[in-house]
Amino acid sequence: MSASKNGILIDHFAFTFKGIYLRDCANYSSFNTDTTAKGLYKRLTESALFSKITWPEFPQFVEPHGLSSQDRDTALQDFQRSYQIALDMTLMVLFENFFGFKIGSSREKGMFGYKESYPLYDLETGQIQMGFIALGGNNDTIYTQLSGTGCKYLFAKRSPELLHNFLSGVLNISKIARIDLAYDCFEGNFDCDYALTAYDDGAFHNKGRPPALNHLKPRRGDVVEGETVYVGSRKSTVYWRVYNKALEQGLHDTVWFRSEVELKGVHIDALKHPASAFAGLCDFSASIAPDEHINVKFKTVQNTLDFAGKIRWAKTMVGKTLYDIAEHFDGDINLAYGALCDESGGKLGIPQTYMRLIKTNLENVRYG
């Protein structure tokens, strides 16, 4: 659990990114463009942090001359293997030096559709599990999930704002797979009865159909063993839980109620200002944390990339080879592109991200 200065906790955090963006980790400071005095100070602080990290170097593809087509293919495959090794090493450096987690041994099984998964542990002892990382998703994506313990550990060292800047600026993350925001009340003002009254007043209703309500008070004989108010459903983008945390923890002489919301597919800006995002969800949350709220966005936002930069990369890395291929097929782009692909996605094993660049560059050769 990570407490913000106004009491909002991040109790669960999960995000997905494309592995290819790991190549930009070493250039983090260039993504911070805030020119205010406060922004410049943060930029210097963040740059100092990242300057202490030794990032792996990525190989540069050098066009081989005087080789046969088969030898060229071999040279390109060697380059791809070296590039993937650099990505894997960068992933380990990132998690150890920035997030502060040790990646454990393979679980020998996947999770959530990913082929491989690994537990995350604290760096100090290597014994406390913080969450999981999963590899082998669609489009070479990587999935990271942090538990409440992992969030507490991470945000004790890194601010949500810093994490927001890095995830959005470097890893090109525009939405969060899941983030849980919570408020702990130790005075009894925001208990389950308050949540029920707020529901009757429509305070949980934002847009669309009113959310469903489920009130549970499990008992053993005459003894109440816990109490929880659920608003929404586990499948919805907003799912509330208001419960007696003290009873859950077995603290019978303590007043402790937690109001917790599970957000799925939320815009990355919810991480930058957790308290404001919490306050902006509905009247219920605004009454608990009367922060200057922001409207939380849930719709999927596609990553927007610098297309000109992509073309520059393709020209630099494989431009000469692409020109030779296009020339070999007398400028027929479909034949040239087809020569690079097979049913499995690429005769040369080129990642899909690169294949799109190659196709664009071939078209430039033909028409540019």
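Thresholds applied
Residues numbered from 1 in each chain as written. Predicted model: local features only at pLDDT ≥ 70, side-chain atom pairs only at ≥ 80, totals over all residues. Heavy atoms only, no water. Helix = DSSP H or I, 4+ residues; strand = E, 2+ residues; numbered from the N terminus. Buried < 20%, exposed > 50% of the residue type's maximum accessible area, 1.4 Å probe, protein only. Contact = heavy atoms within 4.5 Å. Areas by Shrake-Rupley, 256 points an atom, 1.4 Å probe, with all protein chains shown as cover. Axes fitted to C-alpha atoms, helices over the stretch in contact; angles between N-to-C directions. Parallel < 35°, antiparallel > 145°, perpendicular 65-115°, else oblique. Nonpolar A, V, L, I, M, F, W, Y, C, P; charged D, E, K, R; others polar. Core = buried A, V, L, I, M, F, W, Y, C linked by side-chain atoms within 4.5 Å. Expected span 1.5 Å × (residues − 1). Arc of directions from axis to C-beta. Pairing = 2+ DSSP bridges. Phe/Tyr/Trp six-rings, centres within 6.5 Å; stacked < 30°, edge-to-face > 60°. Salt bridge = Lys/Arg side-chain N within 4 Å of Asp/Glu carboxyl O.

Draft legend 1. Highlighting the overall build of the protein. Within the protein, the secondary structure is distributed over 12 helices and 13 strands. Of all 368 residues assigned to the protein, the portion counted as buried reaches 45%. Counting only contacts in the protein whose residues sit at least 6 apart along the sequence, the fraction spanning at least 24 positions is 60%. With the model as given, the accessible surface of the protein reaches about 19800 Å², and the carbon-plus-sulfur share is 50%.

Draft legend 2. Looking closely at the packing of helix H1 (residues 37-51) against helix H4 (residues 160-169). At a closest axis distance of 12 Å, the pairing of H1 and H4 adopts a crossing angle of 75 degrees. With respect to H4, the axis of H1 lies roughly perpendicular. Of the residues in H4, those in contact with Lys-42, Glu-46, Leu-49 and Phe-50 of H1 are Glu-161, Leu-162, Asn-165 and Phe-166. Residues belonging to the contact of H1 with H4 are distributed by class as follows: 4 nonpolar, 1 polar and 3 charged.

Draft legend 3. Geometry of the nonpolar core. By size, the foremost hydrophobic cluster in this structure holds 75 residues, and its most contacted members are Phe-13, Phe-99, Phe-166, Leu-167, Leu-271 and Phe-284. Among the elements that take part in this core, helix H2 (residues 69-99) stands out by supplying 11 residues, more than any other. Among residues more than four places away in sequence, those in contact with Phe-13 are Thr-144, Gln-145, Leu-146, Cys-151, Leu-163, Leu-167, Ile-176, Arg-178, Ile-179 and Leu-271.

Draft legend 4. Region of interest: H1. In a regular helix each residue adds 1.5 Å, so 15 residues correspond to 21 Å; H1 covers 21 Å between its end C-alpha atoms and thus fits that length. Considered for burial, the residues of H1 that qualify are Gly-39, Glu-46 and Phe-50. Viewed end-on, H1 has its buried residues packed into an arc of 40 degrees, placing them on one side of the element. The outward face of H1, more than 90 degrees from its buried face, is lined by the exposed residues Ala-37, Tyr-41, Leu-44 and Ser-51. The secondary structure elements touched by the buried residues of H1 are H2 and H4.

Draft legend 5. Structural view of the environment of Ala-279. You can see Ala-279 is positioned in helix H8 (residues 274-279). A residue is classified by how much of its surface remains accessible, and Ala-279, at 3% relative accessible area, is buried. C-alpha of Ala-279 to C-alpha of Pro-290: the two residues are 11 residues apart in sequence and 6.2 Å apart in space.

Draft legend 6. Just the pairing of strand E6 (residues 141-146), in detail. The element E6 is extensively covered by neighbouring structure, given that 6 of its 6 residues are classed as buried. Burial of E6 is two-sided: the residues Thr-141, Tyr-143 and Gln-145 facing one way and the residues Ile-142, Thr-144 and Leu-146 facing the other way are all buried. Here strand E2 (residues 8-18) pairs with E6 via 6 bridges, running antiparallel. Following the sheet pairing, Phe-15 is matched in E6 by Thr-144. One ladder, built from 4 bridges, connects strand E5 (residues 129-135) with E6; its direction is antiparallel. Bridge pairing in E6 links Ile-133 to Thr-144. Hairpin connection, E5 to E6: the antiparallel pair is bridged by 5 residues, and Gly-136 has positive phi, about 85 degrees.

Draft legend 7. Looking closely at the packing of aromatic side chains. Per the stated rule, a full pass over the model turns up 22 aromatic pairs. On the numbers, 6.2 Å between centres and 25 degrees between planes, the contact of Phe-15 with Phe-17 is stacked. Summarising the burial analysis for this pair, Phe-15 and Phe-17 share the class buried. Note on Tyr-230 and Tyr-239: the rings are 6.0 Å apart at their centroids and 10 degrees apart in plane angle, and the pair reads as stacked.

Draft legend 8. Region of the structure containing helix H3 (residues 148-155). Within H3, 6 of the 8 residues are buried, leaving the element largely enclosed by the surrounding structure. Here H3 has its buried residues at Gly-148, Gly-150, Cys-151, Tyr-153, Leu-154 and Phe-155.

Draft legend 9. Region of the structure containing the environment of Glu-63. Relative to the elements of secondary structure, Glu-63 occurs in the loop between H1 and H2. Judged by relative accessible area, Glu-63 falls into the buried class, the value being 14%. Residues Glu-63 and Ala-75 lie 12 residues apart in sequence; the distance between their C-alpha atoms is 8.7 Å.

Draft legend 10. The pattern of salt bridges, seen in detail. Considering all chains together, one arrives at 13 salt bridges under this definition. With a shortest N-O distance of 2.2 Å, Asp-78 and Arg-81 are connected by a salt bridge. Taken together, the residues span about one helical turn, with Asp-78 and Arg-81 both in helix H2 at a distance of 3 residues. In this structure, Arg-178 and Glu-262 form a salt bridge, with 3.2 Å as the shortest nitrogen-oxygen distance. Taken together, the residues span a long stretch of sequence, with Arg-178 in strand E7 (residues 175-185) and Glu-262 in strand E13 (residues 257-267) at a distance of 84 residues. Salt bridges linked by common partners bring Asp-11, Arg-178, Asp-180, Asp-184, Arg-234, Arg-241, Arg-258, Glu-260, Glu-262 and Lys-264 together as one network.

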